[in-house]
Amino acid sequence: MPSLSITDYLRQHIRTVPDWPVPGVQFRDITPLLQNPKVFRVMIDAFVHRYMDPALRPDVVAGLDARGFILGSVVAYELNVGFVPIRKKGKLPFTTVEETYELEYGSATVELHADAVKPGDRVLLVDDLIATGGTMMAGKKLLEKLGATVMEGAAIVDLPELGGSARLRASGLQLFTLVDFGGH
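Reading the values: the criteria
Residues numbered from 1 in each chain as written. Predicted model: local features only at pLDDT ≥ 70, side-chain atom pairs only at ≥ 80, totals over all residues. Heavy atoms only, no water. Pairing = 2+ DSSP bridges. Helix = DSSP H or I, 4+ residues; strand = E, 2+ residues; numbered from the N terminus. Right-handed = clockwise from strand over helix to strand, strands pointing away. Core = buried A, V, L, I, M, F, W, Y, C linked by side-chain atoms within 4.5 Å. Buried < 20%, exposed > 50% of the residue type's maximum accessible area, 1.4 Å probe, protein only. Contact = heavy atoms within 4.5 Å.

### Overview of the pairing of strand β9 (residues 175–180)
Here's step 1: Here five bridges tie strand β8 (residues 149–158) to β9, and the two strands are oriented parallel to one another. Bridge pairing in β9 links Asp-158 to Asp-180.
Here's step 2: In this region the chain leaves β8, passes through helix α6 (residues 164–170) and returns to the parallel neighbour β9; the handedness of that crossover is right-handed.

Here it is in structure tokens:
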């Protein structure tokens, strides 16, 4: 039996839930990737091995609320760098900076502690999935407000048909994703 690429191996462990949260949506559920220790390790190692490269090594990893915390904190730990959470508004106890972004219906705001990064820090920005790109774009703007450089955005899944990855790349953000669900 031929061995699978990491992308194909991980794709086999992403559950598609039809019509959730609304009819017509094919929800890509990453929780099976986290439940199986071997699959979880393969996924984390794919990110860690990329960012061990001195040219790509961040000073800090920032994770987007909430699944970006799971991935980002483990990657930060393995790289021996700090982790900072970018949270939904009202969840951080200290002085924050905030960024509001548009959703399909309405808007949302994310926050970051004002002392989370220093000017010049190279930051890896992590989330589980890129759909419209709004949350990652807001996270990038927050980090840049504090003088950091977002060297790359990373996610497990890209849904390119929703336009987020193209929008993020057009803003100058380099992206790294493991599984692309284009055309689905």
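### What to know about the nonpolar core
Here's step 1: Counting residues in hydrophobic clusters, the biggest one holds 30 residues, and the most contacted among them are Met-43 and Phe-47.
Here's step 2: For this core, the secondary structure elements donating two or more residues are α1 (6–11), α3 (37–52), α4 (67–79), β7 (122–130), β8 and β9.
Here's step 3: With seven residues, α3 is the largest single contributor of residues to this core.
Here's step 4: Every residue in contact with Phe-47, bar those within four places of it in the chain, is listed here: Leu-71, Val-75, Ala-154, Ala-155, Ile-156, Phe-176 and Leu-178.

### Concerning the environment of Gly-134
Here's step 1: Mapped onto the secondary structure, Gly-134 falls in helix α5 (residues 134–145).
Here's step 2: On a C-alpha basis, the gap between Gly-134 and Val-39 in space is 28 Å, while along the polypeptide they are 95 residues apart.
Here's step 3: Not counting chain neighbours up to four residues away, the residues in contact with Gly-134 comprise Tyr-101 and Arg-167.

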